[in-house]
Amino acid sequence: ETLIIDPSLIFASFTGSTQDNWGYTATPGPDGSFFAGGIVFGSGYPASPGAYQTTYGGGVAEDVSGAFDMAIFKFSPDGSQRLYATYIGGSGNEQPHSMICDAQGNLIIAGRTSSNDYPGVTTRPTSRTDYDIVLTKLNAAGSGLVFSTFIGNGGWEYGVEMELDAMDRSEERR
């Protein structure tokens, strides 16, 4: 018996960034749309007009690859249209680890940050330079935050994996 895995390609695309960018996570939307999340190493990522964050936040070079922010794309179900693209980041480095989309099309991102000015978070002490887990929820249009928070206790925290329960509530697993 022949095993067929992913027998047809729906679409393939490039981000169009003039800076290096690496993919880390992806998830479908409730309407068949497709979200891709990764990191970008500077200005030149094609953020959409009206997107939540249209400019590179900056960062600190950790190794030869340099500083980075999250880069989030939303594609139409057939991949023919970029519905939005946005940076997410403060003055440190950010990286997405896991994404899920709720029934309303809002994107929930779990990742990490070393920024003391991460978008939507005002309670992280400015003297911190380590990484904390962040949870960020973008509205369906990618134009605003529904919420953003961090999980940390003064030490290094890494990645979170998420899933939605039967009532469309986010659950996290470390």
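Definitions and cut-offs
Residues numbered from 1 in each chain as written. Predicted model: local features only at pLDDT ≥ 70, side-chain atom pairs only at ≥ 80, totals over all residues. Heavy atoms only, no water. Helix = DSSP H or I, 4+ residues; strand = E, 2+ residues; numbered from the N terminus. Buried < 20%, exposed > 50% of the residue type's maximum accessible area, 1.4 Å probe, protein only. Contact = heavy atoms within 4.5 Å. Phe/Tyr/Trp six-rings, centres within 6.5 Å; stacked < 30°, edge-to-face > 60°. Lys NZ or Arg CZ within 6 Å of the ring centre and 35° of its normal. Pairing = 2+ DSSP bridges. Axes fitted to C-alpha atoms, helices over the stretch in contact; angles between N-to-C directions. Polar contact = N/O pair within 3.5 Å; in protein donor to acceptor, adjacent residues only side chain to side chain.

## A few points about the overall build of the chain
Okay, so step 1: The helix and strand inventory of the chain stands at 0 helices and 10 strands.
Okay, so step 2: Along the chain, from the amino end to the carboxyl end, the secondary structure elements read β-β-β-β-β-β-β-β-β-β.
Okay, so step 3: For the chain, buried positions account for 47% of its 174 residues.
Okay, so step 4: When contacts within the chain are restricted to residue pairs at least 6 apart in sequence, those whose partners lie at least 24 apart make up 58%.

## Digging into the packing of aromatic side chains
Okay, so step 1: What the rule picks out here adds up to 10 aromatic pairs.
Okay, so step 2: Chaining the aromatic ring pairs together yields one cluster made of Phe 11, Phe 34, Tyr 45, Tyr 56, Phe 73, Phe 75 and Tyr 87.
Okay, so step 3: The ring of Tyr 131 carries Arg 112 above its face, with NZ or CZ at 3.8 Å from the centroid.

## A word on the sheet that holds strand β8 (residues 145–151)
Okay, so step 1: On the basis of which strands lie adjacent, the open sheet formed by 4 strands has the order β5-β6-β7-β8 and antiparallel pairing. Taken across any chain shown, the strands that pair with only one partner, and hence form the sheet edges, are β5 (94–101) and β8. In this sheet, adjacent strand axes meet at a mean angle of 20° when their direction is disregarded.
Okay, so step 2: Pairing between β5 and strand β6 (residues 107–113): 7 bridges, direction antiparallel. Bridging across to β6, Gln 95 finds its partner in Arg 112.

## Some points on the side chain of Ser 114
Okay, so step 1: Tracing the backbone shows Ser 114 in the loop between β6 and β7 (132–138).
Okay, so step 2: Relative accessible area serves as the criterion here: at 12%, Ser 114 is assigned to the buried category.
Okay, so step 3: From its side chain, Ser 114 meets the backbone nitrogen of Asn 93 in a polar contact 2.9 Å long.

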